[in-house]
Amino acid sequence: MKTVLITGAGIGIGRSTALAFGAAGYHVIVTDILEAEGSKVAIEIVAGGGSADFHSLDVRSTERCNEVVALVEKQYGAIDCLVNNAGIAHKIPLSELTDAKWDHTFDIDLKGMMRLARAVAPAMKAKKSGSMICMSSIMGVAYGWDDHIHYSAAKSGVVGLVRGLAVELGAHGIRVNGIAPGYIRTAQALSVEHSVGPEALEAAAAYIPLKRIGEPDDIADVVVFLASQGARYLTGQVITVDGGLLVGRY
Ligand SMILES: NC(=O)c1ccc[n+]([C@@H]2O[C@H](COP(=O)([O-])OP(=O)(O)OC[C@H]3O[C@@H](n4cnc5c(N)ncnc54)[C@H](O)[C@@H]3O)[C@@H](O)[C@H]2O)c1
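In short, a report on the structure. Given the structure is predicted, the values throughout are model-derived calculations rather than measurements.

Calculation criteria
Residues numbered from 1 in each chain as written. Predicted model: local features only at pLDDT ≥ 70, side-chain atom pairs only at ≥ 80, totals over all residues. Buried ≥ 20, exposed ≤ 12 C-beta atoms within 10 Å, placed from the backbone. Helix = DSSP H or I, 4+ residues; strand = E, 2+ residues; numbered from the N terminus. Pairing = 2+ DSSP bridges. Right-handed = clockwise from strand over helix to strand, strands pointing away. Near = placed C-beta within 6 Å. Expected span 1.5 Å × (residues − 1). Core = buried A, V, L, I, M, F, W, Y, C linked by C-beta atoms within 7 Å. Contact = placed C-beta atoms within 7 Å. Axes fitted to C-alpha atoms, helices over the stretch in contact; angles between N-to-C directions.

**Quick notes on the pairing of strand 2 (residues 27–32)**
If a strand is regular, its side chains alternate between the two faces of the sheet.
Okay, so step 1: A large share of strand 2 lies buried, amounting to six of its six residues.
Okay, so step 2: Side chains His27, Ile29 and Thr31 of strand 2 all project onto a buried face; the interleaved residues Val28, Val30 and Asp32 project onto the opposite face, where all are buried too.
Okay, so step 3: Relative to strand 2, strand 1 (residues 3–6) runs parallel, the two being bridged by four bridges. The residue of strand 2 that forms the bridge with isoleucine 6 is valine 30.
Okay, so step 4: Handedness of the β-α-β unit built from strand 1, helix 1 (residues 12–23) and strand 2 comes out right-handed.
Okay, so step 5: Where strand 2 lies against strand 3 (residues 51–56), six bridges are found, and the strand directions are parallel. Bridge assignment links isoleucine 29 to a residue of strand 3, and that residue is aspartate 53.
Okay, so step 6: What joins strand 2 to strand 3 is helix 2 (residues 35–47), and the crossover it makes is right-handed.

**A look at the site of the ligand**
Okay, so step 1: Not every one of the 29 residues close to the ligand is listed here, only the nearest: Gly8, Gly12, Ala86, Gly87 and Thr186.
Okay, so step 2: Contributing elements (two or more residues each) for the shell around the ligand: helix 1 and helix 7 (187–190).

**Examining helix 1**
Think of an α-helix as 3.6 residues a turn; residues three or four steps apart then line up on the same face.
Okay, so step 1: Taking 1.5 Å of rise per residue, 12 residues should cover 16 Å, and helix 1 covers 17 Å from first to last C-alpha, within 8% of that figure.
Okay, so step 2: Counting buried residues in helix 1 gives 11 out of 12 residues, a clear majority hidden from the surface.
Okay, so step 3: In the segment just after helix 1, glycine 25 is the residue with positive phi, at about 90 degrees.

**A few points about the nonpolar core**
Okay, so step 1: Judged by nonpolar contacts, the single largest core of 68 residues is most densely connected at Val4, Ala18, Val28, Val30, Leu82, Val120 and Val223.
Okay, so step 2: Tallying contributions element by element places helix 4 (residues 99–127) first for this core, with nine residues.
Okay, so step 3: Here alanine 18 is in contact with Ile6, Ala9, Val28, Val30, Val41 and Ile45, once residues within four sequence places are set aside.

**A word on helix 9 (residues 216–227)**
Okay, so step 1: Here helix 9 contains 12 residues, and its C-alpha end-to-end distance of 17 Å stays within 8% of the 16 Å for a straight helix at 1.5 Å per residue.
Okay, so step 2: When helix 9 is considered as a whole, its buried residues turn out to be Pro216, Asp218, Ile219, Ala220, Val223, Val224, Leu226 and Ala227.
Okay, so step 3: Elements that come into contact with the buried residues of helix 9 comprise strand 1, helix 1, strand 4 (81–84), strand 5 (130–135), strand 6 (174–181) and strand 7 (238–241).

**Topic: the environment of alanine 121**
Okay, so step 1: By secondary structure assignment, the location of alanine 121 is in helix 4.
Okay, so step 2: Through-space distance from the C-alpha of alanine 121 to that of cysteine 134 is 14 Å; in sequence the pair is 13 residues apart.
Okay, so step 3: The contact partners of alanine 121, leaving out residues within four places of it in the chain, are Leu169 and Ile174.

**Let's talk about the sheet that holds strand 7**
Okay, so step 1: The seven strands lie next to each other as 3-2-1-4-5-6-7, forming an open sheet whose pairing is parallel. Both outer strands of the open sheet, strand 3 and strand 7, are each paired with one neighbouring strand and no more. The average angle at which neighbouring strand axes cross in this sheet is 20 degrees, direction not considered.
Okay, so step 2: Along the sheet, helix 6 (residues 149–169) makes contact with strand 5, strand 6 and strand 7, crossing strand 6 at roughly 165 degrees.

This is the structure we're talking about:
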């Protein structure tokens, strides 16, 4: 049975991705700082006939990232797929953007992804196979986002991380790709305090060629594809999944 480790898998896109991998027959290692939500996702997968464990994991801790990966590898061998999904988007205008706030976002949204890639790579290399998928954003690959420059910069950084890892690890049979989601209905996008909020989110549907806001499942299915044999010659790419938003015109 193939194994997948997903960060931030208690809610939103991470949760849907965990359920999709469970349905695809993977053993799913659900991780999050949200222990109640993460455990519930693992229970849901098992109740649906799948296989899953939950581990509490804050991607800001190098020690914990290494510990969880070592624990999982001891039980199941090399991890087949890593999904670097955990991320935060805090609304902070430039005038209030302290070094600490900038570092906080980068620590989770970019460095956290490197920590896990670094932890899982040795066993993947030894096995000569593996796949990593990192969550960027349309705010990282195309749009600028006012009051969120730290987020946009970190998500742009994810593109560089994906490209660099793909080149460094390709010869070892490891593929690394990313996804740049558009507007997806999750707690993050629905937050009035930190993101667009429910009204502006619904209003955006009119500007999206497919005429609807994305659902977490719309992203989860693409993650499962990127991990699959069907994507065997695909590496170093960040796929935009946005209902056509970026190619549309107004
Ligand atoms: N929703 C969107 O419209 C959208 C668009 C583009 C990109 N994204 C990206 O997709 C990913 C998932 O976002 P979402 O919309 O599901 O958000 P969400 O807020 O619903 O979920 C984020 C998850 O990350 C977890 N997390 C936060 N800090 C963490 C930490 N330090 N360690 C481990 N886990 C942590 C949270 O607990 C939560 O489970 C993020 O990287 C986000 O930036 C989302």
